Amino acid sequence: MKGKGDKLIRFISISESHQAFGLPAPQHPLISLVHFNQNNPFNTAMAPIYDVLSFYKITFITRNRGRLKYGRNYYDFDEGSMLFMAPNQLIGSNDYNSETYCYILLIHPDFLLGHPIARKIKQYSYFSYASNEALHLSEAEREIILSVYQIMEQELNSRVDEFSQEVVIAQLELLLSYVNRFYKRQFITRKIANNDILQRTESILDSYLNNQEALRQGLPTVHYLSEQLNISSGYLSDMLRTLIGQNAQQYIRSKLIEKAKERLTGTDLTVAEIAYELGFEHPQSFSKMFRVRTGLSPMEFRIAYD
């Protein structure tokens, strides 16, 4: 195993990750739950600077003193924060400290094979959120999550039998369902901040479409919006879905249709010219999307509102 001075380490197995932190080998090769606390502090001297995992990582912080590095940046995570990393994502690990108490759950995808959760876990977009989009739990939510972790901890630390995997997977499904619910609550309770993001999203799209950026660069994308807003694509889509009932891609299409209607009724531009102006490579693609969204072709819409 490489040492702390190396810039990047890829962990293929959970056992390798345990070794890097100076921990005993996991009782199960495909899943591990470690509780860092006063009796089991972080071994910061052995932790790598950056690591890429081949498995899922769910961190539940129960106490924090100072900042943690996640990815390439520092964040002030509160007690009761949760962070989610999918396989092949970059994680910064060297700034955990002995005063940070947390549960770290590592799950290899192979542990989930043959169970519905193997497919469902990929649908939870919070595994692709950026580090500064952590879930911040209320006191009541914190107690719920803690109880689930404690059940898993007890199960994984007890004698493994034929029911162990079923019990742990059931608890994992429960954990992820609660997280999904609590993130929806977070979008709502942070409505002022999220409304500001919504307004900025609209402003960015309007500027892109009004200043002929679409003509030069093509259709606006979710990736472009998330970069301009400095938030992850998944977080943006989930936030918009909560606020307006549309994900980011649907919102972009709605804005394109709105702009197309303006150009069809307010200018003499041809359908092809409007299509190119909005960023479509082929006018047929624009006409198809317009008909799907409105029930009319662009020319039919223009005639109807002439």
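Our structure's up above, just so we're on the same page.
Residues numbered from 1 in each chain as written. Predicted model: local features only at pLDDT ≥ 70, side-chain atom pairs only at ≥ 80, totals over all residues. Heavy atoms only, no water.

1. Description of the overall build of the protein chain
Logical step 1: Summing up its helical and strand segments, the protein chain has twelve helices and ten strands in all.
Logical step 2: Scored against the burial criterion, the 306 residues of the protein chain give a buried share of 48%.
Logical step 3: Long-range pairs, those at least 24 residues apart, make up 72% of the contacts in the protein chain between residues at least 6 apart in sequence.
Logical step 4: Carbon and sulfur atoms make up 48% of the accessible area of the protein chain, which totals about 15300 Å². (Helix = DSSP H or I, 4+ residues; strand = E, 2+ residues; numbered from the N terminus. Buried < 20%, exposed > 50% of the residue type's maximum accessible area, 1.4 Å probe, protein only. Contact = heavy atoms within 4.5 Å. Areas by Shrake-Rupley, 256 points an atom, 1.4 Å probe, with all protein chains shown as cover.)

2. Quick notes on the nonpolar core
Logical step 1: With 68 residues, the main nonpolar core has Ile 58, Met 82, Leu 105, Leu 112, Phe 127, Tyr 149 and Leu 175 as its most contacted residues.
Logical step 2: Element by element, the count of residues in this core is highest for helix 4 (residues 164–189), at nine residues.
Logical step 3: Discounting residues that sit within four places of it in the chain, Leu 175 has contacts with Ile 58, Met 82, Leu 105, Ile 145, Val 148, Tyr 149 and Met 152.
Logical step 4: Judged by nonpolar contacts, the second largest core, of 16 residues, contains Ile 9, Phe 21, Leu 23 and Val 34. (Core = buried A, V, L, I, M, F, W, Y, C linked by side-chain atoms within 4.5 Å.)

3. Regarding unusual backbone geometry
Logical step 1: One non-glycine residue, Gln 212, adopts positive backbone phi at about 60 degrees.
Logical step 2: Relative to the helices and strands, Gln 212 resides in the loop between helix 5 (191–210) and helix 6 (213–217).
Logical step 3: Since its relative accessible area comes to 37%, Gln 212 is described here as partly exposed.
Logical step 4: Here Asn 230, not a glycine, exhibits a phi torsion of approximately 60 degrees, which is positive.

4. Describing helix 8 (residues 233–244)
An α-helix turns once per 3.6 residues; consequently, residues spaced three or four apart project the same way.
Logical step 1: Between its first and last C-alpha, helix 8 extends 16 Å over twelve residues, near the 16 Å set by a 1.5 Å rise per residue.
Logical step 2: Every buried residue of helix 8 is listed here: Gly 234, Tyr 235, Leu 236, Ser 237, Asp 238, Met 239 and Leu 240.
Logical step 3: Looking at the packing, one finds that the buried side of helix 8 touches helix 4, helix 5, helix 7 (222–229) and helix 9 (248–266).
Logical step 4: At the exit of helix 8 stands Gly 245, carrying a positive phi of roughly 80 degrees. (Expected span 1.5 Å × (residues − 1).)

5. A look at the pattern of salt bridges
Logical step 1: Summed over the entire model, instances satisfying the criterion amount to ten salt bridges.
Logical step 2: As a salt-bridge pair, Lys 255 and Glu 258 come within 3.6 Å of each other at their nearest N and O atoms. Note that Lys 255 and Glu 258 are positioned in helix 9 at a spacing of three residues, about one turn of the helix.
Logical step 3: Here Glu 300 ties to Arg 291 by a salt bridge, and the two come within 3.5 Å at their closest N and O atoms.
Logical step 4: For Glu 300, a relative accessible area of 36% translates into the label partly exposed.
Logical step 5: Through salt bridges with shared partners, a single network forms among Glu 202, Asp 206, Lys 255 and Glu 258. (Salt bridge = Lys/Arg side-chain N within 4 Å of Asp/Glu carboxyl O.)

6. Describing the sheet that holds strand 9 (residues 101–107)
Logical step 1: Ordered in space as 2-9-4-7-10, the five strands form an open sheet in which the pairing is antiparallel. Two strands close off the open sheet at either side, each with one partner strand: strand 2 (31–36) and strand 10 (135–136).
Logical step 2: For strand 4 (residues 56–63) and strand 9, the ladder comprises seven bridges, and the chain directions are antiparallel. Paired with Ile 61 across the strands is Cys 102, a residue of strand 9.
Logical step 3: Set on the sheet, helix 3 (residues 139–157) makes contact with strand 2, strand 4, strand 7 (81–85), strand 9 and strand 10; between it and strand 4 the angle comes to about 120 degrees. (Pairing = 2+ DSSP bridges. Axes fitted to C-alpha atoms, helices over the stretch in contact; angles between N-to-C directions.)

7. Remarks on the environment of Met 85
Logical step 1: Mapped onto the secondary structure, Met 85 falls in strand 7.
Logical step 2: Once the C-alpha coordinates of Met 85 and Tyr 129 are considered, the two residues, 44 residues apart in sequence, prove to be 8.2 Å apart.

8. Focus on the side chain of Ser 254
Logical step 1: Relative to the assigned elements, Ser 254 resides in helix 9.
Logical step 2: Residue Ser 254 is classed as buried on the basis of its relative accessible area of 19%.
Logical step 3: Within the local environment of Ser 254, its side chain forms a polar contact with the side chain of Gln 246, the two groups lying 2.8 Å apart. (Polar contact = N/O pair within 3.5 Å; in protein donor to acceptor, adjacent residues only side chain to side chain.)

9. Quick look at the pairing of strand 2
Logical step 1: Taking burial as the measure, the six residues of strand 2 include five buried ones, the bulk of the element.
Logical step 2: Both strand 2 and strand 9 contribute to a ladder of six bridges, which runs antiparallel. Along strand 9, the bridge assignment pairs His 35 with Tyr 103.

10. Thoughts on the packing of aromatic side chains
Logical step 1: With the rule as written, the count across this model stands at 20 aromatic pairs.
Logical step 2: On the numbers, 5.2 Å between centres and 25 degrees between planes, the contact of Tyr 124 with Tyr 126 is stacked.
Logical step 3: On the basis of relative accessible area, Tyr 124 is assigned to the buried category, the value being 10%.
Logical step 4: With a centroid separation of 5.0 Å and 90 degrees between ring planes, the pair formed by Tyr 129 and Tyr 183 is classed as edge-to-face. Here Tyr 129, found in the loop between helix 2 (117–120) and strand 10, pairs with Tyr 183, found in helix 4; they are 54 residues apart in sequence, far enough to count as distant. (Phe/Tyr/Trp six-rings, centres within 6.5 Å; stacked < 30°, edge-to-face > 60°.)

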